[in-house]
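# Architecture at a glance
One-letter residues, chain by chain:
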Amino acid sequence: MAMPPMGMPLGGDMQAPPTPSGKTALKWTLPKGWADEPAGGMRFATLKVPVTGKIDASVVVLPGTAGGELANVNRWRGQIGLPPIDEAQLAKERTVLKTKAGDLSVFDFTSDGQIKSRMVAGLITTADGNTWFLKMTGDAGPVGQAKPEFMRLLGSIRLD
């Protein structure tokens, strides 16, 4: 399946371009009204979420385990001002979503303080050894509003 032009609103299947190693890439279905924007830097894809307010959704792929689940979760927590957690707390915070690409670990964190930041993030290591990070972050209200559609996107991931 060819990728549609960048910036084009999508409500159907979205295929990520081939990974740097040339291995099969994840595919997902964008919710209606969401769009793909040009990616850059470490981003594999940037997703435009049709919600008013501060919100950012991205897809990143890295080779191997990319430092491991706990290290990545603690880095994410630090990005929104939360302290690190240990393995026992990690297990309590993790929700596993069964997808056609395998088990996806999903985390949902909200910061403390007057202005609350929220992050919903999923990670999966695929059979080819790459780790994929699908993350939505921003102000707690907009992220909460977009979470149901983001969870549908996460549930749609597959390797075709």
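Residues numbered from 1 in each chain as written. Predicted model: local features only at pLDDT ≥ 70, side-chain atom pairs only at ≥ 80, totals over all residues. Heavy atoms only, no water.

Let us now look at the overall build of the chain. Per the secondary structure count, the chain includes three helices and 10 strands. Starting at the N terminus, the α and β elements of the chain follow one another as β-β-β-β-β-β-α-α-β-β-β-β-α. Each of the 160 residues in the chain was classed as buried or not, and the buried ones make up 44%. Sequence-distant contacts in the chain: of pairs separated by 6 or more residues, those separated by 24 or more amount to 49%. Put simply, the chain shows about 7800 Å² of open surface, and 55% of that area lies on carbon and sulfur atoms. (Helix = DSSP H or I, 4+ residues; strand = E, 2+ residues; numbered from the N terminus. Buried < 20%, exposed > 50% of the residue type's maximum accessible area, 1.4 Å probe, protein only. Contact = heavy atoms within 4.5 Å. Areas by Shrake-Rupley, 256 points an atom, 1.4 Å probe, with all protein chains shown as cover.)

For the rest of this paragraph, the subject is the confidence of the model for the chain. Summarising the model, the chain shows a mean pLDDT of 85, and 84% of its residues fall at 70 or more. Mean pLDDT in the chain bottoms out at strand 1 (residues 9-10), which sits at 36, and peaks at helix 3 (residues 140-155), which reaches 97. Low pLDDT, under 50, characterises residues 1-22; the predicted model gives this stretch 59 contacts beyond four residues in sequence or across chains. (pLDDT = per-residue confidence, 0-100.)

Within the secondary structure, Gly78 is located in helix 1 (residues 69-79). For Gly78, a relative accessible area of 46% translates into the label partly exposed. Considered as a pair, Gly78 and Ser111 are 33 residues apart in the sequence and their alpha carbons are 9.6 Å apart.

So, about the packing of aromatic side chains. On inspection of all chains with the given rule, the structure shows four aromatic pairs. Above the ring of Phe109, the side-chain terminus of Arg77 is found at 4.9 Å from the ring centroid. (Phe/Tyr/Trp six-rings, centres within 6.5 Å; stacked < 30°, edge-to-face > 60°. Lys NZ or Arg CZ within 6 Å of the ring centre and 35° of its normal.)

The subject of this paragraph is the nonpolar core. Counting residues in each nonpolar core, the largest one holds 28 residues, and the members touching the most others are Trp28, Trp34, Trp132, Leu134 and Met136. Residue assignment for this core shows that the elements contributing at least two residues are strand 5 (43-48), strand 6 (55-63), strand 8 (102-110), strand 9 (117-125), strand 10 (130-139) and helix 3. It is helix 3 that contributes the most residues to this core, five residues altogether. In terms of nonpolar packing, the next biggest core, distinct from the first, is built from 13 residues, Leu82, Leu90, Phe107 and Ala121 among them. (Core = buried A, V, L, I, M, F, W, Y, C linked by side-chain atoms within 4.5 Å.)

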